[in-house]
Amino acid sequence: KHSVLSVARVDDGCVEAYNAKADQDSRLATHDYIVDINGQTSKSSMLAELEECKGTVKLKVVRPEPWVVKLVRKGKPFGAGVAYADDGVSVDFEEISAGAVQDFNLGAQPADQLRVGDSIIKVNSIAGAPTEMVYAMMTKRMVELTCVRPPPTS
């Protein structure tokens, strides 16, 4: 498991106020990964820092570089166990098994292979709707997945 927080959305509040003043590249955005909050790096301690929200909150953020994967099922199953939150914006790989994902990985460069922990942020033209994204992955013969990978953590 990666010890990072993934930004699902930016709502009203201090982050929105910060974003209004920050330049485009410094704004916190959907799919960014938070790797440190006030020196805390475990998920539980970072969440505790956010809940306390006393004074200034210093974040270390990593913006992932999306990449696109084209999968053709060729009559095979999708070949991955996935998870998502109903109110989330992405679908996460929890397991990779026999099927289209494994076939893709066999022909891909190691850096391009899909891994447990990677997140799918778009399926074909569907983004921000995980239930519809999963439905498309499981029913379409060909899918184009836009994916992001959490940064490595120590």
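Residues numbered from 1 in each chain as written. Predicted model: local features only at pLDDT ≥ 70, side-chain atom pairs only at ≥ 80, totals over all residues. Heavy atoms only, no water.

**Student:** Got a minute to help me understand the side chain of D36 in this structure?
**Tutor:** Tracing the backbone through its elements, the reader meets D36 in strand β2 (residues 33-37). K60 provides the closest opposite charge to the buried, salt-bridge-free D36, at an N-O distance of 6.6 Å. Beyond its immediate chain neighbours, meaning those up to four positions away, D36 contacts T41, M46, K58, L59 and K60. (Helix = DSSP H or I, 4+ residues; strand = E, 2+ residues; numbered from the N terminus. Buried < 20%, exposed > 50% of the residue type's maximum accessible area, 1.4 Å probe, protein only. Lys, Arg positive; Asp, Glu negative; His and termini not counted. Salt bridge = Lys/Arg side-chain N within 4 Å of Asp/Glu carboxyl O. Contact = heavy atoms within 4.5 Å.)

**Student:** What's the story with the environment of S125 in this structure? I'm lost.
**Tutor:** Assignment of secondary structure puts S125 in the loop between β7 (119-123) and β8 (126-127). For S125 and Q113, which are 12 residues apart along the polypeptide, the C-alpha to C-alpha distance reads 21 Å.

**Student:** Got a minute to help me understand helix α2 (residues 43-52) in this structure?
**Tutor:** For an α-helix the count is 3.6 residues per turn, leaving residues at separations of three or four pointing the same way. Considered for burial, the residues of α2 that qualify are S45, M46 and E49. All buried residues of α2 project into a common sector of 100° when viewed along the axis, lining one side. Within α2, the exposed residues directed more than 90 degrees away from the buried face are S44 and E51. Of the surrounding elements, those touching the buried residues of α2 are β1 (5-6) and β2. (Arc of directions from axis to C-beta.)

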